[in-house]
Amino acid sequence: MKTIKNSELHVLYGLIYKPELAKSEYVDPAWFYYQPFATLVNYINKLDIAPGYVLLRNGFEEEHPHAMRSEDWEAIEQSDETTASFGPWLHVLKREYNRDRVKAAGVAYGKDPSNDNYQALLEAVERFNGVTHNDDPGESLDDYAEYVRRRVEHRDVVRGIETYPQLDTLLGGGFLPSTLVTIGARPGVGKSALAVNLAQLALQKNKGVSIDMFSLEMSANSVNRRLLAAFSGVPSQKLINPTLTLSLEDIAYVQSIANKMAGYDFRVYDSRVTLPQIVQVIRQRVAAAKHGYMAIVDYLQLIKIPGTGKGTDQRYRQIGMITGELKRLSNELEIPIIVLSQLNRRVESQDVKRPSLSDLRESGDIEQDSNTVGLLWSRTPLAGEGEQAVNVPDVRDEVLTIAKNRDGELGEIRFAFDAPKMRFRPTL
């Protein structure tokens with residue numbers, strides 16, 4: 001027998017023991033992956049009266065002999081549910097069906113990016129969103145108890161996208177599904193370089209994972225050059241004109257690394273600068289991802305929301321709208337989203353440049369909406385910021401402070417940041 005979803009079993013349990021439910025809630029046979037169950041639902045939908053279980057089974061087997069085996073009926077009877085949970089499980093079933101439709105449409109569009117396939121993908125996403133937002137019955141404690149029971153029974157372990165071991169430990173197993181992670185820093189400290197390192201490690205350690213980076217400040221070419229530097233150990237600046245700065249042997253080495261990188265599913269978007277554009281890309285990419293997905297946004301304060309006003313008050317509101325939408329998106333699609341953020345300038349006036357949560361720039365909603373907040377800062381004295389910094393050593397002593405962690409531990413990770421090679425390496 002094919003693998004049967006729990007939602008199919010629980011919905012059918014409600015229908016065979018209380019067939020009148022089919023009159024109050026429409027149940028589409030197409031929602032059922034297991035064909036014998038789809039046939040049974042179609043039969044129940046055609047009934048004028050609601051017979052008991054025995055009469056229903058006898059009538060079905062008379063009309064559809066051999067359509068269902070005794071094991072199928074036993075699986076439904078032993079689904080360990082009550083008819084009171086029919087509504088929530090029906091919602092889960094519809095959501096799973098529409099999610100599968102989105103994935104199929106995404107795969108079709110990936111193979112043939114025609115206008116028809118693109119329109120089909122948008123329609124599938126719209127149907128999925130309709131189920132998600134407009135027909136949500138909420139989750140009861142019974143639902144959660146069932147979730148816990150299934151996880152224990154199947155020894156299910158929630159696994160995140162792994163990067164640095166020390167960071168994975170603090171986060172409770174990597175970048176977990178349904179989490180919004182904000183990393184804040186002042187200009188020139190290296191938050192974009194750290195994001196590139198996180199992407200590099202995620203690609204290396206999580207087979208088949210899909211990673212998107214929305215770069216609102218640097219071009220896609222610059223981001224990919226930094227990634228190549230992180231992979232190869234060749235200074236990023238030398239990769240601008242490699243034929244002028246590298247030996248033939250080094251060029252061959254860099255080319256071999258670039259060929260390996262081509263096998264990873266990493267994409268950079270440098271022209272998607274509005275929130276709706278970013279959300280649309282994430283939805284499309286999640287639909288096509290087969291082995292996990294993570295998005296990185298660099299950086300928060302550069303995201304635009306069309307149709308909103310200007311001014312400080314408006315910007316505070318916009319930042320709250322952006323983080324709120326990204327948090328909802330991470331929950332809905334069950335993915336981690338990393339957002340980089342600027343910190344307030346007042347950090348620079350402190351004797352010790354250790355930032356705090358209050359230094360997150362422009363909105364308290366950033367902290368509120370984030371599951372985890374990391375603050376990146378340098379223990380190496382820097383004269384000036386960003387491109388204006390002078391006498392900056394190539395290798396700097398930097399710290400990532402996990403200042404908020406809703407589902408894990410607080411702590412610090414010290415790095416040696418090799419700026420020319422764009423490499424962050426943990427130190428003891």
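Fair warning: this is a prediction, and the values are worked out from it, not measured in the lab.

Draft legend 1. Representation of empty space enclosed by the protein. Considering all chains together, one arrives at two cavities of 30 Å³ or more under this definition. Size it by volume and the largest cavity reaches roughly 70 Å³. Together, Leu 171, Gly 174, Phe 175, Leu 176, Thr 179, Val 181, Thr 372, Asn 405, Asp 407 and Gly 408 line the largest cavity. For the lining of the largest cavity, the residue count by class is four nonpolar, five polar and one charged. Of the volumes computed, that of the second largest cavity is approximately 30 Å³. If you trace the second largest cavity, you find it lined by Leu 167, Leu 171, Phe 175, Val 181, Ile 183, Leu 400 and Ile 402.

Draft legend 2. Focus on the packing of helix H4 (residues 53–63) against helix H5 (residues 70–77). As a packed pair, H4 and H5 sit with axes 13 Å apart at the nearest point and diverge in direction by 150°. It follows that H4 is roughly antiparallel to H5 by the angle criterion. Along this stretch, H4 crosses H5, giving a crossing that reads as right-handed. Across from Tyr 53, Leu 56, Arg 57, Phe 60 and Glu 61 in H4, the residues of H5 making contact are Ser 70, Trp 73 and Glu 77. Of the residues assigned to the contact of H4 with H5, the class counts are four nonpolar, one polar and three charged.

Draft legend 3. View of the packing of aromatic side chains. Taken as a whole, this structure holds eight aromatic pairs when the rule is applied. Lys 191 extends its terminal NZ or CZ atom over the ring of Tyr 299, reaching a point 5.3 Å from the ring centre.

Draft legend 4. Region of the structure containing the pairing of strand E8 (residues 411–418). Sheet topology note: the strand E7 (residues 395–405)/E8 ladder contains eight bridges and is antiparallel. Counted as the bridge partner of Thr 401 is Glu 412 from E8. Between E7 and E8, which follow one another and run antiparallel, lie five residues. Pairing between E8 and strand E9 (residues 423–426): four bridges, direction antiparallel. Bridged to Phe 417 within E9 is Phe 424. Hairpin connection, E8 to E9: the antiparallel pair is bridged by four residues, and Met 422 has positive phi, about 55°.

Draft legend 5. How the structure looks around the pattern of salt bridges. Scanning the entire structure with this criterion turns up eleven salt bridges. Across the salt bridge formed by Arg 57 and Glu 77, the nearest N and O atoms sit 3.7 Å from each other. Taken as a pair, Arg 57 in helix H4 and Glu 77 in helix H5 lie far apart in primary sequence, 20 residues in all. Among the residues examined, Arg 57 registers a relative accessible area of 21% and is labelled partly exposed. Its relative accessible area of 30% is what places Glu 77 among the partly exposed residues. The structure contains a network of salt bridges with shared partners spanning Asp 212, Asp 265, Arg 267 and Arg 285.

Draft legend 6. Focus on the environment of Ile 338. Its location among the elements puts Ile 338 in strand E5 (residues 336–342). Separated by twelve residues in the primary sequence, Ile 338 and Leu 326 have C-alpha atoms spaced 9.6 Å apart. Not counting chain neighbours up to four residues away, the residues in contact with Ile 338 comprise Phe 175, Val 181, Ile 183, Leu 198, Met 294, Ala 295, Ile 296 and Val 297.

Draft legend 7. Just the sheet that holds E5, in detail. With respect to topology, nine strands assemble into an open sheet ordered E3-E2-E4-E5-E1-E6-E7-E8-E9, the strand pairing being mixed. At either end of the open sheet lies a strand with only one pairing partner, and these are strand E3 (265–269) and E9. Averaged over neighbouring strand pairs, the angle between their axes works out to 20° when direction is ignored. Taken together, the seven bridges between strand E6 (residues 372–378) and E7 define a ladder with antiparallel strand orientation. Note on E7: the bridge partner recorded for Thr 372 is Asn 405. Of the strands in this sheet, strand E2 (210–215), E3, strand E4 (293–298) and E5 are in contact with helix H14 (residues 275–288), which crosses E2 at around 170°.

Draft legend 8. How the structure looks around H4. Every buried residue belonging to H4 is among Tyr 53, Leu 56, Gly 59 and Phe 60, and all of these are buried. Take H4 and look down its axis: the buried residues cluster within an arc of 140°, on one side only. Turned more than 90 degrees from where H4 packs its buried face, Val 54, Leu 55 and Glu 62 sit exposed. Of the surrounding secondary structure, the elements contacted by the buried residues of H4 are helix H1 (6–17), helix H3 (35–46) and H5.

So, how was this worked out
Per chain, the residues get numbers from 1 upward, laid out in the order the sequence is written. Local features are withheld for residues below a pLDDT of 70 in this predicted model, meaning they are given only at 70 or higher, and side-chain atom pairs are given and counted only at 80 or more; totals for whole chains, interfaces and linings count all residues. Neither water nor hydrogens contribute to the side-chain values; these are computed over all heavy atoms in the structure. In this analysis, the protein atoms alone were mapped onto a 1 Å grid. Cavities are point sets where a 1.4 Å probe fits without being able to get out; pockets are open sets with protein on both sides within 12 Å along at least five of seven lines; lining residues have an atom within 4 Å of a point. Grid points are joined across faces, edges and corners, and a volume is the space filled by probe spheres set on the points. Charged residues are taken to be Asp, Glu, Lys and Arg, nonpolar residues to be Ala, Val, Leu, Ile, Met, Phe, Trp, Tyr, Cys and Pro, and polar residues to be all remaining types, Gly included. To obtain each axis, a line is fitted to C-alpha atoms, and for helices this fit is confined to the stretch in contact; angles are then taken between N-to-C directions over 0 to 180 degrees. Runs of H or I in DSSP of at least four residues are treated as helices and runs of E of at least two as strands, each being numbered from the N terminus. By the definition adopted for this analysis, an angle is roughly parallel if under 35 degrees, roughly antiparallel if over 145, roughly perpendicular if from 65 to 115, and oblique otherwise. The hand of a helix crossing depends on one turn: near helix anticlockwise from the far one by less than a right angle means left-handed, and clockwise means right-handed. Contact criterion: two residues are considered in contact whenever any of their non-hydrogen atoms come within 4.5 Å of each other. Stacked, edge-to-face and tilted are the three classes for Phe, Tyr and Trp ring pairs, Trp counted by its six-membered ring, which pair at centre distances within 6.5 Å; planes under 30 degrees apart are stacked, over 60 edge-to-face, the rest tilted. Two limits define a charge over a ring: the Lys NZ or Arg CZ must be within 6 Å of the ring centre, and within 35 degrees of the ring normal. Here, strands pair whenever DSSP counts at least two bridges between them. Any carboxyl oxygen of Asp or Glu within 4 Å of a side-chain nitrogen of Lys or Arg constitutes a salt bridge here. Categorising residues by exposure relies on relative accessible area from a 1.4 Å probe, with only protein chains included: less than 20% of the type maximum marks a residue as buried, more than 50% marks it as exposed, and the intermediate range marks it as partly exposed. The directions considered for the arc are those from the helix axis to the C-beta atoms.

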